[in-house]
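# Report on the structure
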Amino acid sequence: QVQLVESGGGLVQPGESLRLSCTVSGTIFSIYTMGWYRQAPGKQRELVAVITSGGSTNHADFVKGRFTISRDNAESTVYLQMNSLKPEDTAVYFCNAVKYTWPGGNYWGQGTQVTVSS
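Residues numbered from 1 in each chain as written. Predicted model: local features only at pLDDT ≥ 70, side-chain atom pairs only at ≥ 80, totals over all residues. Heavy atoms only, no water.

To continue, consider the overall build of the protein. Secondary structure assignment for the protein yields zero helices and eleven strands. Listing every helix and strand of the protein by position from the N terminus yields β-β-β-β-β-β-β-β-β-β-β. The C-alpha radius of gyration of the protein comes to 14 Å, within 12% of the 13 Å expected for a compact globule of 118 residues. Its C-alpha atoms give the protein principal-axis dimensions of roughly 45 × 25 × 25 Å. With 118 residues in all, the protein has 42% of them scored as buried. Long-range pairs, those at least 24 residues apart, make up 53% of the contacts in the protein with a sequence separation of at least 6. Here the protein displays about 6200 Å² of accessible surface, and carbon together with sulfur accounts for 48% of that area. (Helix = DSSP H or I, 4+ residues; strand = E, 2+ residues; numbered from the N terminus. Rg over C-alpha atoms; globule rule 2.2 N^0.38 Å. Buried < 20%, exposed > 50% of the residue type's maximum accessible area, 1.4 Å probe, protein only. Contact = heavy atoms within 4.5 Å. Areas by Shrake-Rupley, 256 points an atom, 1.4 Å probe, with all protein chains shown as cover.)

Below, the structure is given as structure tokens:
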């Protein structure tokens, strides 16, 4: 059974930093494309950043230069380093794992709350 467990969320002031972690169990982590999504109250879930099994990354324009996604295959963990946080970054952040090779797979974590407020 594939499980994704996020951690690292919390309450911070504008301009501060947080690092989110998502640890995957029950499968071979290294073959998954990993992503971070977020959902603010009343808004749709949106992609924040993605990292492929080969380590290629892509970040949404609204976080470029501030957030960085990375992965540690030995630890089966994906990270999201968030710097220069803004109030509009407040959301529940979700970890996602996708396996494109057959038979495929798409899994979500339970989410972790990030609140940026003075």
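Counting residues in hydrophobic clusters, the biggest one holds 29 residues, and the most contacted among them are Met34, Trp36, Val78, Leu80, Met82 and Tyr93. Looking at this core, the elements with two or more residues in it are strand S3 (18-25), strand S4 (33-39), strand S5 (46-51), strand S7 (67-72), strand S8 (77-82), strand S9 (91-99) and strand S11 (112-116). Leave out the neighbours within four places in its chain, and Met82 touches Glu16, Ser17, Leu18, Leu20, Arg66, Phe67, Tyr93 and Val114. (Core = buried A, V, L, I, M, F, W, Y, C linked by side-chain atoms within 4.5 Å.)

Note that Thr77 resides in strand S8. Thr77 sits in the buried class, given a relative accessible area of 5%. A polar contact is formed between the side chain of Thr77 and the backbone oxygen of Glu75, at a distance of 2.8 Å. (Polar contact = N/O pair within 3.5 Å; in protein donor to acceptor, adjacent residues only side chain to side chain.)

Counting buried residues in S9 gives eight out of nine residues, a clear majority hidden from the surface. Here seven bridges tie S4 to S9, and the two strands are oriented antiparallel to one another. Residue pairing across strands places Tyr37 opposite Phe94, the latter belonging to S9. Sheet topology places S9 next to S11; three bridges connect them, and they run antiparallel. Its bridge partner being in S11, Val92 is matched across the sheet by Gln113. Pairing analysis gives four bridges linking S9 to strand S10 (residues 105-108), with the strands arranged antiparallel. Residue pairing for S10: Val98 is matched across the bridge by Asn106. Remark: five residues form the turn of the hairpin made by S9 and S10, two consecutive strands paired antiparallel; Gly104 in that turn has positive phi of roughly 80°. (Pairing = 2+ DSSP bridges.)

Let us look at the state of the cysteines. The tally for this structure, following the rule as stated, stands at one disulfide. Paired by a disulfide, Cys22 and Cys95 hold their sulfur atoms 2.1 Å apart. For the disulfide bridge between Cys22 and Cys95, the dihedral angle about the S-S bond is near -80°, and by the sign convention the bridge is left-handed. Of this pair, Cys22 sits in strand S3 while Cys95 sits in strand S9, and the two are 73 residues apart along the sequence. Pair check on accessibility: Cys22 and Cys95 agree, each one buried. (Disulfide = S-S within 2.5 Å.)

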